Structures are given as structure tokens and as C-alpha cells.
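# Close look at the chain arrangement
Listed below are the residues making up each chain.
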Amino acid sequence: MIPRFKPDIGWREIAAAMTLPRPDDIERFENEFSLKMGQKHAVAFPYGRTGLMLLLEAMGLKDQEIICPAYTCVVVPHAIVASGNIPIFIDSQADDYNMDLELVRKSINKKTGAIVATSLFGYPIDLNELDKIRSDYPHIKIIQDCAHSFAAEWKGRAVQKEGSAAVFGLNISKLITSVFGGIVTTDDHELALKLKELRKKRTSPASIRKSIKRFLYLIAVSIAFKEIIYGLVNILERSGLIDRFTKYYDPGKIDMPYDYLMGLSKMEARVGIVQLKKYDNIVTRRRKIAVYYNKNLGNIHQLILPKIVEGATYSHYVVRVSNPNIYIINYLRAGIQLGRLIEYNIPEMPAYGSRNQKEYPNSSRFARTVINLPNYSTKITAKIAKQLVCTVEGNVVN
Ligand SMILES: *Cc1c(COP(=O)(O)O)cnc(C)c1O
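Throughout what follows, the structure given in this document is the object of discussion. (Residues numbered from 1 in each chain as written. Predicted model: local features only at pLDDT ≥ 70, side-chain atom pairs only at ≥ 80, totals over all residues. Heavy atoms only, no water.)

## Re unusual backbone geometry
Of all residues except glycine, most have a negative phi; of all peptide bonds, most are trans. The phi angle at Phe121 is positive, at roughly 55 degrees, despite the residue not being glycine. Within the fold, Phe121 resides in the loop between strand S4 (112-118) and helix H6 (127-136). Phi is positive for Ala151, close to 60 degrees, though the residue is something other than glycine. The partly exposed category is assigned to Ala151, whose relative accessible area is 23%. (Helix = DSSP H or I, 4+ residues; strand = E, 2+ residues; numbered from the N terminus. Buried < 20%, exposed > 50% of the residue type's maximum accessible area, 1.4 Å probe, protein only.)

## Section: the packing of helix H1 (residues 11-18) against helix H11 (residues 266-297)
Packing of H1 against H11 brings their axes to within 8 Å, and their N-to-C directions diverge by 150 degrees. Relative to H11, H1 is oriented roughly antiparallel. The chirality of how H1 crosses H11 is right-handed. For the pair H1 and H11, contact is made by Arg12, Glu13, Ala16 and Ala17 and by Met267, Arg270, Val271, Val274, Gln275 and Lys278, respectively. (Axes fitted to C-alpha atoms, helices over the stretch in contact; angles between N-to-C directions. Parallel < 35°, antiparallel > 145°, perpendicular 65-115°, else oblique. Left-handed = near helix turned anticlockwise from the far one by under 90°. Contact = heavy atoms within 4.5 Å.)

## Observations regarding the site of the ligand
Taken together, 14 residues sit near the ligand, with Gly48, Arg49, Asp145, His148 and Lys174 positioned nearest. For the ligand, whose free accessible area comes to 380 Å², the fraction covered by protein is 95%. Those elements that place two or more of their residues in the shell around the ligand are helix H3 (48-58) and helix H4 (75-82). (Near = heavy atom within 4 Å. Areas by Shrake-Rupley, 256 points an atom, 1.4 Å probe, with all protein chains shown as cover.)

## Digging into the packing of aromatic side chains
Tallied over the full model, the rule gives 21 aromatic pairs. Ring plane angle 85 degrees and centroid distance 5.4 Å describe the contact between Phe89 and Tyr352, whose orientation is recorded as edge-to-face. Residue Phe89 is found in strand S3 (residues 86-90), and its partner Tyr352 is found in the loop between helix H12 (324-333) and helix H13 (361-369); the two are separated by 263 residues along the sequence. Accessibility expressed as a relative area gives 10% for Phe89, which makes it buried. Relative to Tyr317, the ring of Tyr293 has its centre 4.7 Å away and its plane inclined at 45 degrees; by these criteria the two rings are tilted. Taken together, the residues span a long stretch of sequence, with Tyr293 in helix H11 and Tyr317 in strand S10 (residues 317-320) at a distance of 24 residues. The exposure class assigned to Tyr293 is buried, which follows from its relative accessible area of 0%. Given the relative accessible area of 1%, Tyr317 is considered buried. One aromatic cluster is present, built from ring pairs that chain together Tyr71, Tyr97, Phe121, Tyr123, Tyr314 and Phe366. (Phe/Tyr/Trp six-rings, centres within 6.5 Å; stacked < 30°, edge-to-face > 60°.)

## With respect to helix H2 (residues 25-37)
Counting along an α-helix, one turn takes 3.6 residues, and residues three or four places apart therefore face a common direction. Helix length check: H2 (13 residues) gives 18 Å between terminal C-alpha atoms against 18 Å at 1.5 Å per residue, within 8%. Of all the residues in H2, the buried ones are Asp25, Phe29, Glu30, Phe33, Ser34 and Met37. Along the axis of H2, the buried residues cluster in a sector spanning 160 degrees; they form a single face. Summarising the contacts, the buried residues of H2 are in contact with strand S1 (41-45), strand S8 (165-169), strand S9 (182-186), helix H7 (189-202) and H11. Once H2 ends, the next one or two residues include Gly38, with phi positive near 65 degrees. (Expected span 1.5 Å × (residues − 1). Arc of directions from axis to C-beta.)

## What to know about H7
Its 14 residues place the ends of H7 20 Å apart at the C-alpha level, agreeing with the 20 Å of an ideal helix rising 1.5 Å per residue. Taken as a whole, H7 has its buried residues at Leu191, Ala192, Leu195, Leu198 and Arg199. Down the axis of H7, the buried side of the element spans an arc of 125 degrees, and every buried residue falls inside it. For H7, the exposed residues lying more than 90 degrees away from the buried face are Glu190, Glu197, Lys200 and Lys201. Considering only its buried residues, H7 is in contact with H2, S1, H3, S8 and S9. N-cap assignment for H7: the residue whose side-chain oxygen lies 3.1 Å from the backbone N of Glu190 is Asp188. (Polar contact = N/O pair within 3.5 Å; in protein donor to acceptor, adjacent residues only side chain to side chain.)

## Examining the sheet that holds S4
Across the sheet, which stays open at both edges, the seven strands sit in the order S1-S9-S8-S5-S4-S2-S3 with mixed pairing between neighbours. Edge positions in the sheet fall to S1 and S3, since each has one partner strand and no second. Averaged over all pairs of adjacent strands, the angle between their axes in this sheet comes to 25 degrees, without regard to strand direction. Here strand S2 (residues 65-69) pairs with S3 via five bridges, running parallel. Its bridge partner lying in S3, Ile66 is registered against Pro87. Together, S1, S2, S4, strand S5 (141-145), S8 and S9 form the strand contacts of H3, whose direction differs from that of S8 by roughly 160 degrees. (Pairing = 2+ DSSP bridges.)

## Some words on the environment of Arg4
Structurally, Arg4 is set in the segment before H1. Along the chain, Arg4 and Thr72 lie 68 residues apart, while their C-alpha atoms are 19 Å from each other. When neighbours within four sequence positions are excluded, Arg4 is seen to be in contact with Tyr230, Glu237, Gln337, Leu338, Gly339, Pro374 and Tyr376. There is a polar contact of 3.1 Å between the side chain of Arg4 and the side chain of Glu237.

Encoded structure:
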């Protein structure tokens, strides 16, 4: 079975994980990461969401409104709530997946403390519009959520540099991984110091038990995503037996993982260092795959293809269809797993008050119609594209 995503983990990562720890492993990872992103400072955390939560605290924000997309990973508003602030959700634009900056502007009021600017699926957020908001409201903090967009560029400007700080997620489904983990970058020396202070105060160092668990997880992951094994993994996934490894949210709850305040392990930091070296290749490959898919699927009118945007990272190749399940089932029969990365509009989730979908027409539509095609290996793209054509033709006959 071809998995919907696959971390690029090989012997180098395993070897790095097995190396004896050094006291400065985490610092080395932070230094390499900030260098790669062209930022002065990087501060590593056990999860991206822990980084976001402590970043909001380090910025001195409390009981304030934090603007974020309605269509994003649900851990983002969870972290906002955990920091003692209130998420304000913004509908997506009609033509790409990022939040509508016109609506952001309309939502700004005296209580607005920060804006989480996300470049979703790696599409760089419109920095022209963001610049205007920044100059009109200089006191509002801009946080770039770069979980999908490590070094994505908008007209040649790297998104991570365009704000007070940037947050990155590093779990196995991201462009590069440190097993779990997240990291915050900034050019603001004071902010970096405060963040490190808070990290020291609020989180405990990784225990040996955690390091061992994460190491075993890394080994399991490096095996599980092999095509001959993944069929079994998929059966386990559907049976619900491995939910605690694969389900990252409960639609009815606002919560953080039980170990969200236990620091990144040194082992994870060492894996992250190896992954950073692969970053350029990974993104180049994804861009090539996006162009290939668009060229080969362009004449199927049932599909809404993603735009080809210069500077996008294509962390995911996302297509919209009227009935995702037909595609998912047909693909599974052909031995290919499709993803539905964000299949919810956050304000509609019970945890966030079940707001009417009409208030968020675009986000709501995206949630119901997206599928993402595997985009990590050029070897399998032809097979995946062909299956899409077959599925569409099958649909027409039915
Ligand atoms: C993955 C992700 C994060 C961070 O996730 P963690 O699991 O907490 O590391 C943040 N924002 C978006 C959009 C993401 O996809």
C-alpha cells in the first residue's frame, strides 16, 4: 500500500538517533535551524503547539483576541486557548487555502493581540496585504505559522521572517521532522530570551523514558511506511487499534497532549539536524510533483487543482472534489491511501461552539471537499495520476 504521506527517514536519521547524547544537542539543532531559516534565534519545544502557547505568553498576551484561520490545524486554537487567550476564526479565501486578509482587517478591534498568519499547504500568505495590516496596526503581533511552509517565499520574500516570530511543527507528517517537536524562530533578541526563560520555567527536560519511547517510535515509523508493511498499518489504523498514535484531536475537546510540557529530547534534536540537510531536496521534489500532477490532471473537469505558485513548498498536494469518499475508496482498492489532511472547519467543531457553516463558507467547503495525493516520491506519481483518471471515469459511468 502506498501511504498518504511518508517521512524521509533513513539510516542517517537512525544513526544520529543512536549516537551518544551531547549536552548541546538541542542548542546545535536550534543554531542550524535558525541559520537555515535566516533568523537570529530558534527555540525548540516538544510540539509546535507548545511553542505557540509559550510564544503568546512570552509576548505578554493574556485575555486577548488572537486572530487565526478557521481552516487550519486544530492544535493552533488549542494552543491559543491554553495560553489564556481567545481564538477569533477567519474564513479562507475562495481561491487559495489561506485566510482572507480582508476579513482579518475587519475583525481587528481593541482586544486584538496577535494574528497567526498561516501559509497553508505551503502557499505563501500574501505579504503585500499583510504589510498593510502591519503598518496600520503596528502594536499587533504577527506570528507566522510555518508548519507547512518552511521557507516558503512570497515574491522572493521568505514568510518566516515577516512577523515578530514564526512557529514550525516537526512531527513525522511535516516537510522535515524531529520525530515530534516544534520550534519558534525570531530576530527579536529580547523575545528569544523571554521564550527561553519561560521554557525553562514551564517545561521539564525530557526524561530517559520519553527518549526511549521516541526512539522506538522513530524505528517503528521508519518501518511502518514501507509499502509492503503499510497495508497492515492501514488495517490497524482503520480498526482503531493505533488511534493513540494516529488521531491528533477530539472534535469535542480543547486539549493539549499529556506530555506537552516535557521538553524535546536530544535524540529528536539530532534527527532534526540530519533532516535539515535534506530540506532543499524535499521541497524541490514536491514542487516538481505538483507541476507534474497539474499537467497530467488538468483536463479533468471534476477536479479543482491547486494553483502553481512560485515560492510555495507544496507540503501537501491538495485537490478538491465533490465527493472525497468515492476517491478514497477507489484509491484504497488500488493500493493507494489518500489523505484528508484538514477535514474540518474549526468553528463548526463542538469544542469551538458549533458555529454555523454559513459564516465560514470557504473553509466549510474546503473541509468537505479536499483530498491530498501522495507527493513525496516522483516514482509513484504516474500511478497515482492514472488512478485519478480511472476514478473519475468510473464516476461518470455510475
Ligand atoms: C502541525 C501543525 C502545527 C504544529 O503542530 P504540533 O503537532 O503541535 O507540532 C501548527 N500549525 C499547523 C498548520 C500545523 O499543520
